[in-house]
Every structure is written in structure tokens, then in C-alpha cells.
Amino acid sequence: MVNHRPPPPAPRDPVAELLGDHRALLKQVFPLPPKRQSAVTDKTRRRVSLGCALLALAATVYWSDPAYQQATYQSPAESRQEVFLADGSTLMLDRASELRVTWHLRSRRTELLHGQAYFSVAHQAWRPFSVSTGVLAVEVLGTSFNLKRDRDTSEVLVASGRVAVHAGKESLELRPGQGLRLDARGERQVKALDPALVGAWRHGRRVFDQTPLAEALGEWPASAEPQLKLLGAAGDLQVSGVFDENQRAAFIALLPQILPLQLRRLPDGSWEAKKIFR
């Protein structure tokens, strides 16, 4: 048989009994400090809210792509101008040409106001380069190309790489040797040219491909000698070929051999040309 004895009583703790008897009085005499958890939480919440607001503001600014710098370049009527941009791109302006470059937070935008320019664009995937002429917009995909704008038409020709051309609701991708000519009425003409001849004007050569004679003569400065006056429909005749711009007299002398034209020398040394019908 096993005897089960009750456990001995726990020893008394007089200090604990005294504290228990006077706990309420002690709380009144020695109150506990207020909890600070709520204050810390409010401060943290304010910091988080401020951070979220700043992040939202930064995202809005980034996607709105604001402009922060602009420059305009204009070449004289008698000479060309080479422009070096901060991103490593180079631009060559033909005579009497004007170009505006605007730097945005995440894009590089250029507008050819008039004349002609050759672009060698440094590739930056995060900051695309685009050029507009009013009737068409060129999105550069890392390339060299030539862009021309006059009163009625715009023309782009690609030397290397590729560009995306946007005209109205239509888009077209061009590769080396390909080009597009667009007039103010929206009529377009796809062009083909040896890539080596794109921008040949930079080296003193003028390339014409079924170019109206009046437009071809406009490639020379207005003061260039000898002067040639076009009568009647002579300016509408189309000329093709590669010509040395320093040999204007030879170019004029050649015209009757390649076009139905008759030249007449005037007393002041200039020429006039009229269309003949054969």
C-alpha cells in the first residue's frame, strides 16, 4: 500500500503579501509613465506618407518628360556648320539651315526648322532621339541619316542603322539606302539611294534623283555664279545625277544635253533657260 501524504504548504513571502495588500496605494504614489507607442507609430506613419508622396511626384515628373534645356543652331548662307552635342551625337548643317535641339528628362527632341542636316546619333536606349519637320517625325534607332526640309516637302535618307518615320497615322521603318519624301499634301514617294551618297553635300557633291530643276538650283547659294533664270516650265524639268557644287558653270552648260532646254547668254554674263518641245 502506498501512502499519499498532502504536499507541505508553500512558504510565506511576507514582502509579496505586503505589496499585494498595498498595490493600489503604490500605483497612486508611483504612477507608471504613459505609453509612447502611439506617438512613435504616428511619426512613422507621417514619414511613410511623405515618402510615398515624394515617390509619386518623382514618377509623375519622370513620365511627363519635362524639358530642361534648349538650343538653336543656324548656319550662315555661305557656309556649313558642324554641331557637337553633349551626348556624343554630331550634326552637320547645310548652308542657310536652322535646327532646334531640346533636352528632356528621358528624350532628345530635335526640329529641323528649314534647310538640310546630316545626323550621326549616339545610341542611348533610355533616352531616344527624334527629329521632326512639321509633316513627318523621325524616331532614331541608332543611325546616321540625312534630313531635308523646304517650304513644301520633307525628305529623309538613311546612311546606316535604321529609323522609324511617322507621317500622320502611318509609320514606316527605313534601312540604309532607303528614303521617304513627303509633301504638305501628304503625298509620299519612297526613294532608294546608294548609302555612300547619303549626305554627299558635306563633301561638296550634290545628288539629284528626279529633282525639279528649280529645286536643284536651290542647292547652291542664291549669290552663286553664274546666275541662271528659268523661264516658263523649265523649272519643272527633272534632273538626276551627282554634281560637283564647285562646278556650277559646268552644271549649267550640261543641262541642254540632258534636258529639253535652250540656254541663252545675257549681256551681264548670266543665263536664261526655257523648255523646248521636241
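Computed from a prediction, not measured in an experiment: that's the story for all the values here.

Colleague: What is the right way to look at the overall build of the protein chain in this model?
Modeller: A count of helical and extended segments in the protein chain gives 5 helices and 18 strands. Looking at the protein chain as a whole, 35% of its 278 residues are labelled buried. Considering only contacts within the protein chain whose residues lie at least 6 apart along the sequence, 46% involve residues at least 24 apart.

Colleague: Please clarify how the confidence of the model for the protein chain should be interpreted in this entry.
Modeller: Close inspection of predicted coordinates is inappropriate for parts of the model with low pLDDT. Across the protein chain, the average pLDDT comes to 84, with 77% of residues at 70 or higher. Confidence over residues 1–5 falls short of pLDDT 50; this stretch has 0 contacts with residues more than four positions distant or in other chains.

Colleague: Any chance you could explain the nonpolar core here in plain terms?
Modeller: As a rule of thumb, soluble globular proteins bury nonpolar side chains together. One finds Phe119, Val138, Phe145, Leu147, Val156 and Val165 to be the most contacted residues of the largest nonpolar core, which totals 25 residues. The next biggest cluster of nonpolar side chains, apart from the first, holds 17 residues, and it includes Leu213, Leu217, Ala234 and Leu261.

Colleague: Explain helix H5 (residues 248–258) to me, please; I cannot follow it from the model alone.
Modeller: One full turn of an α-helix is made of 3.6 residues, so residues set three or four places apart face in the same direction. For H5, every residue scored as buried is listed here: Arg248, Phe251, Ile252 and Leu255. Taken around the axis of H5, the buried residues stretch over an arc of 100°, which confines them to a single face. Structurally, H5 contributes buried residues whose contacts are with strand S14 (205–212), helix H4 (213–217), strand S15 (228–231), strand S16 (238–244), strand S17 (261–265) and strand S18 (271–275).

Colleague: I keep staring at the pattern of salt bridges and nothing clicks. Help me out?
Modeller: Charged atoms that come close allow side chains of opposite charge to pair. In this structure the tally under the stated criterion is 22 salt bridges. The shortest N-O distance in the salt bridge between glutamate 170 and arginine 188 comes to 3.1 Å. Note that glutamate 170 is positioned in strand S11 (residues 170–174) and arginine 188 in strand S13 (residues 188–192), a separation of 18 residues in sequence.

Colleague: Where do I start with the layout of surface pockets in this structure?
Modeller: A water-sized probe rolled over the atoms picks out the places where empty space is left. Within this model, the largest pocket holds a volume of roughly 570 Å³. Taken together, 25 residues line the largest pocket, and the ones lying closest to its centre are Arg95, Ala96, Gly218, Glu219 and Trp220. Residues of the lining of the largest pocket, tallied by class, amount to 7 nonpolar, 7 polar and 11 charged. In this model, the second largest pocket occupies a volume close to 430 Å³. For the second largest pocket, the lining is made up of 19 residues, of which Thr153, Arg181, Asp183, Pro212 and Glu215 are closest to its centre. For the lining of the second largest pocket, the secondary-structure elements that each account for two or more residues are strand S9 (153–160), strand S12 (178–183), S13 and S14. Broken down by element, the lining of the second largest pocket gets its largest block of residues, 4 residues, from S14.

Calculation rules
Residues numbered from 1 in each chain as written. Predicted model: local features only at pLDDT ≥ 70, side-chain atom pairs only at ≥ 80, totals over all residues. Heavy atoms only, no water. Helix = DSSP H or I, 4+ residues; strand = E, 2+ residues; numbered from the N terminus. Buried < 20%, exposed > 50% of the residue type's maximum accessible area, 1.4 Å probe, protein only. Contact = heavy atoms within 4.5 Å. pLDDT = per-residue confidence, 0-100. Core = buried A, V, L, I, M, F, W, Y, C linked by side-chain atoms within 4.5 Å. Arc of directions from axis to C-beta. Salt bridge = Lys/Arg side-chain N within 4 Å of Asp/Glu carboxyl O. 1 Å grid on protein atoms, 1.4 Å probe; cavity = no way out; pocket = protein on both sides within 12 Å on 5 of 7 lines; lining within 4 Å. Points joined across faces, edges and corners; volume = space filled by probe spheres on them. Nonpolar A, V, L, I, M, F, W, Y, C, P; charged D, E, K, R; others polar.

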